[in-house]
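The primary structure of each chain is shown beneath.
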Amino acid sequence: MTTNGNRTPLIAGNWKMNLDHLQAIAFVQKLAWNLTEAKHDFGSVEVAVFPPFTDLRSVQTLVSADKLPLAFGAQDVSEHVSGAYTGEISAAFLAQLECRYVIIGHSERRTLHGETDEQVAAKVAAALEHNIAPIICVGETAEDLEKHGPSAVPVAQLRAALANVSGAADFVVAYEPVWAIGSGQAATPEQAEQVAAALRAVLVELLGDDVAAKTRILYGGSVKSGNIAGFMREPNVDGALVGGASLDINEFASISRYKQHVGL
Ligand code: PEP
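Numbering of residues starts from 1 in every chain and runs along the sequence as written. Local features in a predicted model are, by the rule used here, given only for residues with pLDDT of at least 70; side-chain atom pairs are given and counted only at 80 or more, and totals for whole chains, interfaces and linings are based on all residues. Computation of side-chain values: all heavy atoms of the structure, hydrogens and water removed.

Trainee: Hey, could you run me through the UniProt feature "active site" (unreviewed entry) in the protein chain in this one?
Mentor: UniProt positions are given in the numbering used here, feature names are shortened, and annotations may be inferred rather than shown by experiment. UniProt records the feature "active site" (unreviewed entry) at H106 and E176, using the numbering of this structure. The greatest C-alpha distance among the residues just named is 8.4 Å, despite their covering 71 residues of sequence, which places them together in space. Summarising the element assignment, H106 is placed in the loop between β4 (101–104) and α4 (107–112). Burial classification: accessible surface area is computed with a 1.4 Å probe over protein chains only, and a residue below 20% of its type maximum counts as buried, one above 50% as exposed, and the rest as partly exposed. Exposure remark for H106: the relative accessible area of 5% places this residue in the buried category. Any pair of residues with heavy atoms lying within 4.5 Å of one another is described as a contacting pair. Here H106 is in contact with N14, K16, C137, E176 and I181, once residues within four sequence places are set aside. Every helix listed is a DSSP run of H or I at least four residues long, and every strand listed is a run of E at least two residues long, numbered separately from the N terminus.

Written out as structure tokens, the structure reads:
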């Protein structure tokens, strides 16, 4: 069962710079156990975690050895494949660790590390080249919202991020208003839907109806178990990118199980 057409909802937990590789092992084991005990249907709502780079090998080993039904990915990737780029991590390495996804263009990368739209586009291309689905983050600041309205900046960022993409690429879009990230002040479901619909229209225009119909658009920004249902009722919102609340196993499991506790 899926909520929005044929798009399987995705609940993605961005751990940011939290949990070392030992903590990651314990966390992933408990999360998988919690969801399995609760009879979570992973085919109906996909659940993914995004640990720091240094945890990925441990998470991969655990998920693969115990055949855990969780997906995982990285929080960033280099735009380059190999070479003299000290400190960078190649998409080829992430592919070898069986990362299904990689977050690209998170607002913390854009603001704290000066990541440009061009770099985001290059990273998206690098991930796709290695069969890793990018989760392309877009979103406006409070100032952008006031000056340009809700959709202008996210739409422009998505257009730029897709500059090197053509055809039936497998990627996810995450609409994350910067003012809602970590602030406790989530967008309303109506605000999220308005921007998600505008982003889907960009997908139709650039990549055609089929890609637009199958691409998941997530909402991110202060998502919790108490507000996830409202977002998931919207026709263009296909899941959530969760930061702070993804570090609490019970809370993240509860967000993932939104269908059970809200009757969707
Ligand atoms: C995020 O980091 O992508 C995020 C949405 O954080 P939070 O859920 O804490 O607002």
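Trainee: Looking at this structure, how should I read the nonpolar core?
Mentor: Burial of nonpolar side chains together is a common tendency in soluble globular proteins. Within the largest apolar cluster, 69 residues are counted, with the highest numbers of intra-cluster contacts made by I11, V28, L31, L158, F171, L199 and Y219. In terms of residues, this core owes the most to one element, helix α8 (residues 189–207), which gives seven residues. Ignoring sequence-local partners within four residues, the contact set of I11 consists of V45, E46, V47, A48, I228, G239, A240, V242, F252, I255, S256 and Y258. Residues grouped as a nonpolar core are buried Ala, Val, Leu, Ile, Met, Phe, Trp, Tyr and Cys residues, joined through side-chain atoms within 4.5 Å. I103, A133, C137 and V172 belong to the second largest nonpolar core, which has 14 residues in total.

Trainee: Whenever I open this one, the UniProt feature "binding site: substrate" (unreviewed entry) in the protein chain confuses me. Can you help?
Mentor: The sites that carry the UniProt feature "binding site: substrate" (unreviewed entry) are, in the present numbering, N14, W15, K16, G182, S222, G243 and G244. A stretch of 231 residues holds the annotated residues, and the largest C-alpha distance among them is 14.1 Å, short enough that they meet in one place. In this fold, W15 is placed in the loop between β1 (10–14) and α1 (21–37). Residue classification places W15 among the buried positions, given a relative accessible area of 0%. Beyond its immediate sequence surroundings of up to four residues, W15 is in contact with A24, F27, V28, V49, F50, P51, P52, D55, Q75, S246 and L247.

Trainee: I tried to follow the state of the cysteines on my own but got confused; where do I start?
Mentor: As used in these notes, a disulfide is a covalent bond between sulfur atoms, one from each of two cysteines. Throughout, disulfides are identified as pairs of cysteine sulfur atoms within 2.5 Å of each other. Across all of its chains, the model carries zero disulfides by this definition. Its sulfur unpaired, C99 is 15 Å from the next cysteine sulfur, which belongs to C137.

Trainee: I tried to follow the sheet that holds strand β5 (residues 133–138) on my own but got confused; where do I start?
Mentor: Sheet strands associate in pairs through backbone hydrogen bonding, adopting either a parallel or an antiparallel arrangement. Around the barrel, which closes on itself, the eight strands sit in the order β1-β2-β3-β4-β5-β6-β7-β8 with parallel pairing between neighbours. When strand polarity is set aside, the average angle formed by the axes of neighbouring strands in this sheet is 25°. Note on geometry: axes are C-alpha line fits, over the in-contact stretch for helices, and angles between N-to-C directions span 0 to 180 degrees. Each of β5 and β6 (172–175) touches helix α7 (residues 152–161); the most contacted strand, β5, lies at about 150° to it. A pair of strands counts as paired when DSSP detects no fewer than two bridges linking them.

Trainee: What's the story with the pairing of β1 in this structure? I'm lost.
Mentor: Every regular strand shows the same layout, with side chains that alternate between the two sheet faces. Extensive coverage of β1 is indicated by the burial of five of its five residues. With five bridges joining them, β1 and strand β2 (residues 46–50) adopt parallel strand pairing. Across the sheet, residue A12 finds its bridge partner in β2, namely A48. A clockwise path from the first strand over the helix to the second, with the strands pointing away from the viewer, defines a right-handed crossover. Regarding the hand of the β-α-β motif, the stretch spanning β1, α1 and β2 is right-handed. Across four bridges, β1 lies against strand β8 (residues 239–242) in parallel orientation.

Trainee: Would you explain the site of the ligand in this entry?
Mentor: What surrounds the ligand is a group of 14 residues, the closest being K16, E176, G182, S222 and G243. Polar contacts here mean pairs of N or O atoms no more than 3.5 Å apart (in protein, one a potential hydrogen donor and the other a potential acceptor; neighbouring residues in sequence count only if both atoms are side-chain atoms). One nitrogen or oxygen atom from the side chain of E176 is found 2.7 Å from an oxygen atom belonging to the ligand. Within the backbone of G244, a nitrogen or oxygen atom sits 2.8 Å from an oxygen atom of the ligand. The accessible surface values rely on the Shrake-Rupley method and a 1.4 Å probe; as for residues, cover is taken only from the protein chains in view. When the ligand sits alone it has 290 Å² of accessible area, and the protein chains cover 95% of it. Classification convention: Asp, Glu, Lys, Arg as charged; Ala, Val, Leu, Ile, Met, Phe, Trp, Tyr, Cys, Pro as nonpolar; all other residues, Gly among them, as polar. Broken down by class, the residue content of the shell around the ligand amounts to four nonpolar, eight polar and two charged. If a single non-hydrogen atom of a residue is within 4 Å of a molecule or strand, that residue counts as near it.

Trainee: Just to check I follow, could you spell out the packing of aromatic side chains for this structure?
Mentor: Two aromatic rings, taken as a pair, are described by how far apart their centres are and by the angle between their planes. Planes of paired rings set the category: under 30 degrees apart is stacked, over 60 is edge-to-face and the rest tilted, where pairs are Phe, Tyr or Trp rings (Trp by its six-membered ring) whose centres lie within 6.5 Å. Tallied over the full model, the rule gives four aromatic pairs. Relative to F27, the ring of W15 lies with its centre 4.9 Å away and its plane at 65°, an arrangement referred to as edge-to-face. One end of the pair, W15, is in the loop between β1 and α1; the other, F27, is in helix α1, with twelve residues separating them in the sequence. Just as W15 is buried, F27 falls in that class too. Members of the aromatic cluster, joined through ring pairs, are Y175, Y219 and F231.

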